[in-house]
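# A look at the structure
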Amino acid sequence: MTLSSAPGKVYLFGEHAVVYGEPAVPCAIERRARVGVQRREDSKLRVHAEDLSLDGFTVEYSGRTDDHPDVDVSDSLIAAAMGYVDGAIDQVRDVTGEDDAGFDVTIESDIPLGAGLGSSAAVVVAAIDAATRELGVRLETDELADRAFRTEYEVQNGQASRADTFCSATGGAVRVEGEDCRTIDAPDLPLVIGFDGGAGDTGALVSGVRTLREEYAFAADTVETVGDLVRQGERALETGDLAELGDLMNFNHGLLSALGVSSRSLDAMVWAARDAEAYGAKLTGAGGGGCIVALDPTEATETALKFTPGCEEAFRAELAEEGVKRLE
Ligand code: PMV
């Protein structure tokens, strides 16, 4: 068996706008998906997945997701989990030339699904890395990130930027603008995360922003303003100015809210963090539900979030310096 792990991420700045070519700065966090892969004698895939949102299920199938495996979890979760694993394995077969390779795949993740912390990117990166190594091929990080991006792009019908997959593969703080992805220096950031227990529908949220942007010039301007804010945020990261980073995160949340991707529980958690005198707070990822990220070196935000109605979990997150980890 070959085992790899890859981290989740938060967006310090720039989600949604990144889809239209503006820059974004995601940052990898020490919450990981671990994927174990064992080659099979036949060409089937058997997937066992466990994470915060699923009780754990095992599916055995020979082909595509439309085989409708007989397990007791919602179709959309199965389709999501299976779609990403299918896509990752397609990339592995393509890059190794082993078109008929079959695998037993075990997924374990401490990243909530669909909550803005990059769970699918982490699973895809770790799966591609483990399965290629299981076949004796070791991909360079850039190639791994690219193959993982192609997987997400296909599974999400073209609604994906390179941000999540690049960040998960390389670790650290990164800057993504279109095809240009690079690691950037970041100070030690006191990140606190609040999770409402829910998930947003990324595809629907991205389409919602696209429609607004087509309909109203000021919505298109809002997307461009997020780009300006990200450039300012990069300068604040260079100087390590937490107060300015926090102000810009607050501003970014307001703009995301204007674009219609916040929710009552995300706003409640953002306000709890602000009232607790965090430097700043914003939703992270697609929105609609899921997580917020705040900057606070004290205990105040984490404590306030724990008492905020609608917040199911609050935790501190360390920056993950290392992206994909080769474990066995
Ligand atoms: O919610 P997440 O972690 O999948 O992030 C989505 C970020 C978007 O900018 C909305 C879409 C993308 O692929 O960049």
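Turning next to the site of the ligand. What surrounds the ligand is a group of 14 residues, the closest being Lys9, His16, Ser161, Asp164 and Ala286. Here Ser161 contributes a side-chain N or O atom positioned 2.6 Å from an oxygen atom of the ligand. A distance of 3.3 Å separates an oxygen atom of the ligand from a polar side-chain atom of Asp164. Residues from two domains meet in the shell around the ligand; each of domain 1 (2–185) and domain 2 (191–317) gives at least three.

Tallied over the entire structure, the rule returns 23 salt bridges. The partner of Glu177 in a salt bridge is Arg175, with the nearest N and O atoms 2.7 Å apart. Notably, a salt bridge pairs Arg231 with Asp228, separated by 3.2 Å at the nearest N-O pair. Of this pair, Arg231 and Asp228 both sit in helix H6 (residues 217–239), 3 residues apart, which is roughly one turn of that helix. Since its relative accessible area comes to 29%, Arg231 is described here as partly exposed.

What follows deals with the sheet that holds strand E11 (residues 313–317). Overall, antiparallel pairing links the 4 strands, which are arranged E9-E10-E8-E11 in an open sheet. Strand pairing shows two members of the sheet lacking a second neighbour, strand E9 (280–283) and E11, which therefore form its edges. Geometrically, the sheet is characterised by an average inter-axis angle of 20 degrees between neighbouring strands, direction not taken into account. Examined bridge by bridge, strand E8 (residues 191–195) and E11 share 5 bridges and lie antiparallel to one another. Each bridged residue has a counterpart across the sheet, and for Gly194 the counterpart in E11 is Ala314. Along the sheet, helix H7 (residues 242–258) contacts E9 and strand E10 (291–295); its crossing angle with E9, the most-contacted strand, is approximately 35 degrees.

Here we take up the packing of H7 against helix H8 (residues 264–275). Running from N to C, H7 and H8 point in directions that differ by 160 degrees, and their axes come no closer than 12 Å. Between H7 and H8, the angle is such that the two are roughly antiparallel. The crossing of H7 and H8 is left-handed. Where H7 abuts H8, its residues Asn250, His253 and Ser257 lie against Asp267, Val270 and Arg274. Residue classes in the contact of H7 with H8 are distributed as 1 nonpolar, 3 polar and 2 charged.

Domains assigned within the protein chain are domain 1 (2–185) and domain 2 (191–317). With 28 residues of domain 1 at the contact, the number on the domain 2 side is 40 residues. Both faces considered, domain 1 and domain 2 share a buried interface measuring about 2800 Å² in area, 66% of it formed by carbon and sulfur atoms. By the criterion of area lost to domain 2, the three top residues of domain 1 are Phe13, His16 and Tyr20, representing 27% of everything that side buries. Connecting domain 1 to domain 2 are 4 salt bridges. Note that Lys282 is salt-bridged to Glu15, the shortest N-O span being 2.9 Å. Summed over the shared surface of domain 1 and domain 2, the result is 11 residue pairs in polar contact (both at pLDDT 80 or more). Secondary-structure elements contributing two or more residues to the side of domain 1 that touches domain 2 are strand E1 (2–13), strand E2 (25–40) and strand E6 (173–177). Top contributing element to the side of domain 1 that touches domain 2 by residue count: E1, with 4 residues. Each residue belonging to the side of domain 1 that touches domain 2 can be placed in one class, and the counts come to 17 nonpolar, 5 polar and 6 charged.

A separate point is the layout of surface pockets. Considering only enclosed or pocket space, the second largest pocket measures out at about 190 Å³ in volume. If you go around the second largest pocket, you meet 14 residues; those closest to its centre are Val18, Val19, Ala160, Ser161 and Gly178. Of the residues assigned to the lining of the second largest pocket, the class counts are 6 nonpolar, 5 polar and 3 charged.

On average, the protein chain scores 91 in pLDDT, and the residues at 70 or more come to 90%. Here residues 62–66 is a poorly scored stretch, pLDDT under 50, and it has 9 contacts once near neighbours within four places are set aside; other chains count.

The end-to-end C-alpha distance of H6 is 34 Å, a good match for the 33 Å that 23 residues give at a rise of 1.5 Å each. When H6 is considered as a whole, its buried residues turn out to be Ala219, Thr222, Val223, Val226, Gly227, Leu229, Val230, Gly233, Glu234, Ala236 and Leu237. Of the surrounding elements, those touching the buried residues of H6 are E1, E2, E6, strand E7 (180–184), helix H5 (202–215) and H7. Looking one or two residues beyond H6, the residue adopting positive phi is Gly240, at roughly 70 degrees.

Procedures and definitions
- Residues numbered from 1 in each chain as written.
- Predicted model: local features only at pLDDT ≥ 70, side-chain atom pairs only at ≥ 80, totals over all residues.
- Heavy atoms only, no water.
- Near = heavy atom within 4 Å.
- Polar contact = N/O pair within 3.5 Å; in protein donor to acceptor, adjacent residues only side chain to side chain.
- Domains from an automatic or database assignment.
- Salt bridge = Lys/Arg side-chain N within 4 Å of Asp/Glu carboxyl O.
- Helix = DSSP H or I, 4+ residues; strand = E, 2+ residues; numbered from the N terminus.
- Buried < 20%, exposed > 50% of the residue type's maximum accessible area, 1.4 Å probe, protein only.
- Pairing = 2+ DSSP bridges.
- Axes fitted to C-alpha atoms, helices over the stretch in contact; angles between N-to-C directions.
- Contact = heavy atoms within 4.5 Å.
- Parallel < 35°, antiparallel > 145°, perpendicular 65-115°, else oblique.
- Left-handed = near helix turned anticlockwise from the far one by under 90°.
- Nonpolar A, V, L, I, M, F, W, Y, C, P; charged D, E, K, R; others polar.
- Buried area = accessible area lost by both parts, 1.4 Å probe.
- 1 Å grid on protein atoms, 1.4 Å probe; cavity = no way out; pocket = protein on both sides within 12 Å on 5 of 7 lines; lining within 4 Å.
- Points joined across faces, edges and corners; volume = space filled by probe spheres on them.
- pLDDT = per-residue confidence, 0-100.
- Expected span 1.5 Å × (residues − 1).

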